[in-house]
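# Summary of structural features
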Amino acid sequence: MSRAKGESKQAQSGGFRVLSHPILAVVERPEISFTFNGNPMKAYEGEVVTTALFAGGVQVFGHHPRDGSPQGIFCANGQCSQCTVLVDGLPVKGCMVPVRAGMKIGSCEGSPALPADDDLPAFREIPAIETDVLIIGGGPAGINAAIELGLLGAKTLVVDDKNEFGGKLTLQTHTFFGSRDDCYAGTRGIEIARILTHQLERFPSVSVMLGTTAVGAFCDKQVGLQQGGNYFQVKPRAVLVACGAREKNLAFQGCDLPGVYGAGAFQTLLNRDLVRPTERLFIVGGGNVGLITGYHAIQAGIKVVGLVEALPRCGGYKVHLDKLRRLGVPIHTSHTILRAEGAEKLERITIAGVDGNFKPVAGTERSYRVDTLLIAVGLSPVNELYEKLVEYGIECYKAGDAEEIAEASAAIFSGKITGRKIARSLGYEIDIPDEWNSTAAILRSKPGRTAQPDLPRLERRVYPLIRCVQEIPCNPCADSCPRNSIALRGDSIMNNPVFDGDCIGCANCVAVCPGLAIGLIMPEYDAESKTSLLVLPYELDTKDLAAGRRVETVDMEGNAVGVGTIVAFRTSNIDAKRKIVSIEVPADEAYSVAGFAVLVPEAGESGAVAAEPVPDDTIICRCERITAGEVRGEIRAGVRDMNILKATIRTGMGACGGKTCTELILRLYREMDVDLSEVTLPTNRPFTAEVPLGVFAGAGSEGGEA
Amino acid sequence: MSRTNYDAIVIGAGSAGLAIAYYLTLEGLQVLVLDSEASPGQGQNKAAIGGVRATHSDGAKITLCLQSLEFYSTFEEKTGIDLGWVPGGYSFPVYREEEEKILKGILPTQKKNGLVIDWYGPERIKELIPGINENGLRGGTFSPGDGQVSPLKYAAALWKESKDRGCEYHFKEPVTRLVVKQGRIHGVKTGKGVYHSDIVVNAAGSYAKEIGAMAGIEIPVVPDCHEAGISAPMERFFDPLVVDIRPGPEGKTKNFYFGQNDRGQVIFCYTPLVPILGTNRENTSEFMTVIARRMIDLIPRLKNMLIRRVWRGLYPMTPDGIIILDRVREVKGFYLAVGMCGQGFMLGPGVGLNMANFILRGKPVIPQEIWNSISFYRDYYAGRKEALK
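Residues numbered from 1 in each chain as written. Chains lettered and ligands numbered in written order. Predicted model: local features only at pLDDT ≥ 70, side-chain atom pairs only at ≥ 80, totals over all residues.

## Looking at the nonpolar core
Convention followed: Structurally, a nonpolar core is described as a collection of buried Ala, Val, Leu, Ile, Met, Phe, Trp, Tyr and Cys residues joined by way of C-beta atoms within 7 Å. Residues are called buried when their C-beta atom has 20 or more other C-beta atoms within 10 Å, exposed when it has 12 or fewer, and partly exposed otherwise; all C-beta atoms are positioned from the backbone. The contact criterion used is a C-beta to C-beta distance within 7 Å, with each C-beta placed from the backbone.
Membership of the largest hydrophobic core comes to 350 residues, with the highest contact counts inside it found for A:Ile136, A:Leu240, B:Ile9, B:Ile11, B:Ile20, B:Val201 and B:Ala337. Discounting residues that sit within four places of it in the chain, B:Val201 has contacts with B:Ala8, B:Val10, B:Ile11, B:Ile20, B:Tyr335, B:Ala337 and B:Met355.

Dropping the structure here:
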């Protein structure tokens, strides 16, 4: 296996592990040994195979049978099958299987051979599980629904395919927006996951199964569950599908190269598993996911070389965008990714400006040397199972991202509401408060208007400067002030906050604001030399915060202002992970400064490449390695039924069952001006994941727990 | 203005209808194919597992399938289009005396009709099917001329080949009426219009009975359903399609069969002991738990094979399990290619070739006496039964 330059050195020093992190605790874990292609490697107990391989510098897991192309990670979420490796000779999704001591892992080269293991196993009965409610997915929506059902004593089973509850909360190291009372605003996602999981454990009527995938729904109203080597059949009275979302894919030249993967996969590696998979990172997509991921990367000391967003403005919260801009990440709006290049793994990308029709503009191309490119172009609900349940007439509900893509705070509410709806369907007499619905609607809302910042120059020793100017659902600052001097401008949680009253300089508001949009100012810090003192939030490694260090100051949006000097830093009163740093700046610049740069922006190299956004050799179906040219050929030949594409070019016939390529193919239809009402979508069939035959026979080898 | 007059109209773009349309088009006819689905092969064709064997007990099926095998095994050579042909033969391994008797008993008929097949001892069967359970294995049959094809590729290829030669296809257009006057067919009616032709072929598969009723003809075809599944690709480790005709110990399976296709995927299916009548194509929770035990019991190493997808397809059954190819005497110009009994795909090219000849020249390619045995007007209850269903 070849490695990109720079990796091997890092691998030798064990440099892919996060050794310290400003937010996450790095705890000692028992180390175990395994081999990869015969080479000894180390892993931490409990982590999944792909994480252990990434930690050892392995990012190529095999080569595709069709064309020998290298295969890397894409979703790290059990949705695609890009990370298939051989574990003791058998193909598995590396992102779902925990590594065990002594495991023999091999890269998957072509079609794997079925081991000649000719022992006839014993067949056990397939256990039937009795429950009133089956909840598929233990993220914010699923857990909250289970809590509502648990409070009523309804017999509920919650299953999750990961080995801990919390869903995507377990990746979210940032503090949450929303309101404190309703959805833990101001608390970090990873903490919320812990709080919710503890609550779940309180209810005797709620049982849980981790590491368990709901693989199919059947017309006899059963749902099949796989946990390790065991298969279970459940016949619930109602099912809640709360299995979240999967990341959308983007087609461009080289999109299939190892090193190009989903932002969620990156967050999984970094924030859940404490592996630092990259030195130089680029991001596609300026929604909240892309922006937050960039921030997470910088927190782990990773160089974020840039971010492209095809629209003229980033769609994520302005405060998230501003965090990146202040730290020095170039944000290329009205730009697109043109090409990813590398031999076995990503080495270089090229971006270009786009015109009003999102077509690349010749002459605007810039290339950057990066080892990782994250795709953060939106999410689609994981709802195949829901559709089957509906088809088979099984009483079913959906909540969270599986219902509608929104923030986790909204998922919490959608889970609570749906939990009660299910309870009502089971005959429990319980109301759903009107305000739950209205809160859920607000938490789901897109950002509203952006006002100009109002930074009054007051005759006070110290007071807050509030740069929160975009309407988003958030209010922890108002709750944090011991003098009640911060209030929202109206009744809605969407209104912006304003300072009016006393300030004792406690900096609670600085510490709590999830958007890092509040600082304190002491206008007359040194009257003689005409300097002011600014108190700002800081969530990176503190090694660069030495008192007396000169820093290049920037305004809220990251534009250079001048130079300041670090005076001191301390841990905030209310969030041990957030630091409060004070810097001395010239008084005439004080109202402009909102932070200081950390990264040095890079301009890239200009270099002309073909400005065709999706050339014919672009891979559309990853599982079967089908190109855009092959799909276009079929569309040109008149194929309008995607089921025929399965027959002629095999799109959607692979392991993922069309989860990643269906949307990309629809985009090609649109590009070729085909009326989408003429296009028949592919038939969706069980199973949602590949299952060994022996599991169905009750012949699996691993023990499980129900 | 789009055309409304055709030399022939075929109802159904499935395994049989596509082949009939293809051969009629090759003969120079202007053909229209109507189907209620969105594209060709979307009924039961795509539910077929792809095995093509002349290993039957009935002379008509043997001869028709030999013609299909000739078609499938030479198609790529002739057209350059890959149908996923795997010339691996069929093997029926045997563990009990009663199955040995059945299989040995039909060998003479099979050989008489031109099938290359023989009985082999356990050693040869073990070579053919590596990893097969040796416990009690008595031997089995092997017919090397049989093989496998991708049903999906077949449907797409015939559609494209015939379309390129002028055959017209109207999808999402179910036939609502047959135009019959004074004992003669004149065309068909759909929700979108009337199409005229003196030749109309009913190749509507599981819906053949409903189409027949539109001409006042009672066709004894009733669908039942079978489930099937497919694995992830693996390196090829066995070539023949394997059929185990023992009934299952679980009391649900009459027999089961599977093969490894050109992509290295194992496709498998069982015949329910008690037929499940109707057109329901929904997945049951029972199928995988039942077939998994049968397959692992036969080839234990299959326990580690990854299962990718399952589906359910229909077998349009006749009372004697044998197809119907004929013209309707009461309605001149109305032809039947129905009651494929779940073997439309392996019979398809043979059906197309014979129907085209029968329609144009009044006589099939296969011997007349065999043709007579698949007549619409035969006695379905004379005691003839296909032994290898």
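And the narrative resumes.
## Quick word on the sheet that holds strand E39 (residues 691-692) of chain A
As a reminder, the rule being used: One requirement defines pairing of two strands: DSSP has to find at least two bridges between them. Runs of H or I in DSSP of at least four residues are treated as helices and runs of E of at least two as strands, each being numbered from the N terminus. A fitted line through C-alpha atoms serves as each axis, taken over the contacting stretch for helices, and the angle formed by two N-to-C directions is quoted from 0 to 180°.
What the 9 strands build is an open sheet, ordered E39(A)-E17(B)-E13(B)-E16(B)-E15(B)-E14(B)-E4(B)-E6(B)-E5(B); its pairing is mixed. Each of the sheet's edge strands pairs with one partner strand only, and the pair in question is E39 of chain A together with strand E5 (118-120) of chain B. Summarising the sheet, E5(B) and strand E6 (residues 139-143) of chain B pair through 3 bridges and their orientation is antiparallel. Following the sheet pairing, B:Asp118 is matched in E6(B) by B:Phe142. Contacts between helix H3 (residues 97-112) of chain B and the sheet are confined to strand E4 (90-94), E5 and E6 of chain B, with E4(B) contributing the most and set at about 140° to the helix.

## Observations regarding the interface of chain B and chain A
The test is simple: Polar here means any residue outside two lists: the nonpolar Ala, Val, Leu, Ile, Met, Phe, Trp, Tyr, Cys and Pro, and the charged Asp, Glu, Lys and Arg; Gly therefore counts as polar.
If you look at the interface, chain B gives 39 residues, while chain A gives 44 residues. Among the secondary structure elements, those contributing two or more residues to the side of chain B that touches chain A are helix H5 (151-164), helix H7 (286-298) and strand E17 (306-317) of chain B. Top contributing element to the side of chain B that touches chain A by residue count: H7(B), with 7 residues. Each residue belonging to the side of chain B that touches chain A can be placed in one class, and the counts come to 19 nonpolar, 11 polar and 9 charged. The pairing of E39(A) with E17(B) spans 2 bridges and is antiparallel. Directly across from A:Val691, in E17(B), lies its bridge partner B:Ile307.

## Focus: unusual backbone geometry
Residues and elements named next belong to chain A. In this model, Pro-686 is joined to Phe-687 through a cis peptide bond whose omega is 15°. Residue placement: Phe-687 occurs in the loop between helix H16 (661-671) and E39. Non-glycine residue Lys-221 carries a positive phi angle of around 65°.

## Focus on the domain arrangement of chain A
Residue and element names in this part refer to chain A. Under the convention used in this document: Where each domain starts and ends comes from a domain assignment, either automatic or drawn from a database.
In terms of domains, chain A is made up of domain 1 (7-112 + 249-375), domain 2 (130-245 + 381-443), domain 3 (463-596) and domain 4 (619-678). For domain 1 versus domain 4, the distance between C-alpha centres works out to 26 Å. Taken together, the contact pairs 13 residues of domain 1 with 13 residues of domain 4. Of the residues assigned to the side of domain 1 that touches domain 4, the class counts are 4 nonpolar, 6 polar and 3 charged.

## Let's talk about the domain arrangement of chain B
Residue and element names in this part refer to chain B. The domains assigned to chain B are domain 1 (8-48 + 152-221 + 320-373) and domain 2 (88-145 + 222-317). On a C-alpha basis, the centres of domain 1 and domain 2 stand 30 Å from each other. Of the residues lining the interface, 13 residues belong to domain 1; the matching set on domain 2 comes to 11 residues. Of the residues that constitute the side of domain 1 that touches domain 2, the class distribution is 7 nonpolar, 6 polar and no charged.

## Re the sheet that holds strand E15 (residues 238-241) of chain A
Residue and element names in this part refer to chain A. Reading across from one edge, E11-E10-E9-E15-E26 is the order of the 5 strands in this open sheet, with parallel pairing throughout. Looking at strand neighbours, the two that pair on one side only are strand E11 (206-209) and strand E26 (396-398), the edges of this open sheet. Adjacent strand axes in the sheet meet at a mean angle of 20°, parallel and antiparallel pairs treated alike. In this fold helix H3 (residues 140-152) packs onto strand E9 (133-136), strand E10 (156-159), E11 and E15, with an angle of close to 165° to the strand it touches most, E10.

## Quick word on helix H10 (residues 408-425) of chain A
In an α-helix, one full turn covers 3.6 residues, which means residues spaced three or four apart are oriented alike. Residue and element names in this part refer to chain A. So the rule is basically this: Expected span of a helix: the number of residues minus one, times 1.5 Å.
The first and last C-alpha atoms of H10 sit 25 Å apart over 18 residues, in line with the 26 Å expected at 1.5 Å per residue. Counting buried residues along H10, 15 of its 18 residues qualify, which places the element largely inside the surrounding structure. Looking one or two residues past H10, Gly-427 carries a phi angle of roughly 105°, positive in sign.

## Comments concerning the pairing of strand E19 (residues 303-309) of chain A
Side-chain direction in a regular strand flips from residue to residue, so the side chains alternate between the two faces of the sheet. All names here are of chain A. Operational definition: Handedness of a crossover is defined as follows: orient the strands so they point away from the viewer, and if the path from the first strand over the helix to the second runs clockwise, the crossover is right-handed.
In terms of burial, E19 is largely enclosed, as 6 of its 7 residues are buried. Pairing of strand E18 (residues 280-284) with E19 involves 5 bridges; the strand directions are parallel. Paired with Leu-281 across the bridge in E19 is Val-304. With respect to chirality, the unit in which E18 leads through helix H7 (residues 288-299) into the neighbouring parallel E19 is right-handed. The parallel pair E19 and strand E20 (residues 331-333) is bridged by helix H8 (residues 318-327), and the resulting crossover is right-handed.

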